[in-house]
Amino acid sequence: MLQHNRHNTNLIMSFITALALVVSISTSAYADTLNPYKIKAAIKRAYDDYKNIKEGANADYIPALAKVDPKIFGIALITTDGKVYTAGDLKTEVSIQSISKVFTMAKVMEESSPEAIYNNMGVDATGQVFNSIVAIEQYKGSEMNAMVNPGAITATSMVKGSSYDDIWNKILTYYGDFAGRKLTVLEDIYKSEAATNQRNQALAMLMFAYGHIKGDPLQATDIYTKQCSVGVNTQDLAAMAATLANGGKNPLTGKQVISTKHVPEILAVMATAGLYDDSGKWLYQTGLPAKSGVGGGLIAVSPGKFGIAVISPPLDEAGNSVRAQKAIADISNALGGNPYAVKPR
Ligand code: GLU
């Protein structure tokens, strides 16, 4: 009888503990941070706060980018359960540019392995600009990462395929799986960059000379240039980020795009080198793995919670969208998006 009572008491205690846990989770972490009203309010506030700021300038080293409307400003946040929240311009496509580097690296991890990335170009910050020749020379093309141009062009060269078209179609289809729709190239951007990408060709030649690129370096550069010219709107970018936030499964389509086990490595490289020379400052302010592109896009990932993206072409000195950084930092901080910010038990 005594035994029986103790058993019952234990059962009741476990039930109460479990109930308390459920209540505390639903009232603190989730309900407190991912409340739809809070998300909508945070997005609206950021949009209103930053829509009229005039800082920054479009990238112009790729001539076609200088002609993009600097007023484009769109915000999209997609939660890991597939809810979409937006403000501003969601239709206009800009070129994905460097944000593509994340997804080509992901393709190589999926086809080969994360070690292939680690062993070939490395996973360390270079402390140099994104198209630095010095960064290659310093360690003969090692000890860098797939977010800077030499590492990114090398990653593109590692995508498997029997021909140019085969490799290209794989890359484009893969990006589309992350975005949740079929994507296409913005031909004017591609032509403009292809006509002016001699420096990237030189970087690829050096990576070939040091044995990192095994195939044709100029073909790799051309495919890389094309991947940078893929057109994306704000919601596409948010879906790409949300797929990473959701362990590699696109929360809009339900498709597992990349193995869940590779996502932490992708996010680690984004955290290390996603915002050029300001990657440390960004991480300090937000804690979010992110990637920017000179087309004005910025994606950021709050693991397990949401992916967020902003498009706004004017860039700061480091090459990152001015409005996008401000808007994403404010929204994420309002929603408790920083994965390093935990409450003590
Ligand atoms: N296509 C650009 C380049 O290679 C990408 C640069 C960027 O977005 O950082 O110069």
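No experiment lies behind these values; they were computed from the predicted model shown.

This part takes up the packing of helix α8 (residues 164-179) against helix α12 (residues 234-245). Any two packed helices are characterised by the angle at which their axes cross and by the distance between the axes. In contact at an axis separation of 7 Å, α8 and α12 are set at 85 degrees when each is read in the N-to-C sense. By the angle class used here, α8 and α12 are roughly perpendicular. Contacts from Y175, F178 and A179 of α8 reach α12 at D236, A239, M240, T243 and L244. Taken together, the residues of the contact of α8 with α12 break down into six nonpolar, one polar and one charged.

Close contacts around the ligand come from Y61, Q97, S98, F130, N149, E193, N200, Y224, C228, Y276, G293 and V294, and that covers them all. Y224 has a polar side-chain atom sitting 2.7 Å from an oxygen atom of the ligand. Burial of the ligand by the protein amounts to 99% of the accessible area it has alone, namely 290 Å². One can see that the ligand is located within the largest cavity. For the shell around the ligand, the per-class residue count stands at six nonpolar, five polar and one charged.

Let's shift gears to the environment of F208. Residue placement: F208 occurs in helix α10 (residues 198-209). Under the relative-accessibility criterion, F208 is labelled partly exposed at 38%. As a C-alpha pair, F208 and T154 span 54 residues in sequence and 8.5 Å in three-dimensional space. Non-local contacts of F208, meaning those with residues more than four positions away in its chain, are made with I213, K214, G215 and P217.

Our focus in this paragraph is the nonpolar core. Counting residues in each nonpolar core, the largest one holds 66 residues, and the members touching the most others are F103, F178, L237, L244 and I266. Core analysis: the second largest hydrophobic core is formed by 26 residues, A42, I75, L298 and I328 among them.

Estimated volume of the second largest pocket: approximately 200 Å³. As for the second largest pocket, its lining consists of 14 residues, and the residues nearest its centre are I53, K54, P70, K71 and R323.

Our next topic: the pairing of strand β1 (residues 74-79). The buried fraction of β1 amounts to six of the six residues, a majority that puts the element mostly inside the structure. Neither face of β1 is open: one carries G74, A76 and I78, the other I75, L77 and T79, and all of them are buried. One ladder, built from five bridges, connects β1 with strand β2 (residues 84-88); its direction is antiparallel. For A76, the partnering residue across the bridge sits in β2 and is T86.

Overall, the coordinates contain nine salt bridges when judged by the stated rule. D177 is the salt-bridge partner of K255, the closest N and O atoms lying 3.3 Å from each other. Taken together, the residues span a long stretch of sequence, with K255 in the loop between α12 and α13 (263-273) and D177 in helix α8 at a distance of 78 residues. Here the residues in one salt-bridge network are K44, D48 and K51, joined through shared partners.

It is worth spelling out unusual backbone geometry at this point. The phi angle at K140 is positive, at roughly 50 degrees, despite the residue not being glycine. Note that K140 resides in the loop between α6 (134-138) and α7 (149-158). By relative accessible area, which is 52% here, K140 ends up exposed. Although it is not a glycine, Y276 adopts a positive phi angle of roughly 55 degrees. Tracing the sequence through the fold places Y276 in the loop between α13 and α14 (279-286). Its relative accessible area of 12% is what places Y276 among the buried residues.

Parameters and conventions
- Residues numbered from 1 in each chain as written.
- Predicted model: local features only at pLDDT ≥ 70, side-chain atom pairs only at ≥ 80, totals over all residues.
- Heavy atoms only, no water.
- Axes fitted to C-alpha atoms, helices over the stretch in contact; angles between N-to-C directions.
- Helix = DSSP H or I, 4+ residues; strand = E, 2+ residues; numbered from the N terminus.
- Parallel < 35°, antiparallel > 145°, perpendicular 65-115°, else oblique.
- Contact = heavy atoms within 4.5 Å.
- Nonpolar A, V, L, I, M, F, W, Y, C, P; charged D, E, K, R; others polar.
- Near = heavy atom within 4 Å.
- Polar contact = N/O pair within 3.5 Å; in protein donor to acceptor, adjacent residues only side chain to side chain.
- Areas by Shrake-Rupley, 256 points an atom, 1.4 Å probe, with all protein chains shown as cover.
- 1 Å grid on protein atoms, 1.4 Å probe; cavity = no way out; pocket = protein on both sides within 12 Å on 5 of 7 lines; lining within 4 Å.
- Sits in = over half its atoms within 2 Å of the grid points.
- Buried < 20%, exposed > 50% of the residue type's maximum accessible area, 1.4 Å probe, protein only.
- Core = buried A, V, L, I, M, F, W, Y, C linked by side-chain atoms within 4.5 Å.
- Points joined across faces, edges and corners; volume = space filled by probe spheres on them.
- Pairing = 2+ DSSP bridges.
- Salt bridge = Lys/Arg side-chain N within 4 Å of Asp/Glu carboxyl O.

All we've got here are geometric facts, nothing functional implied.
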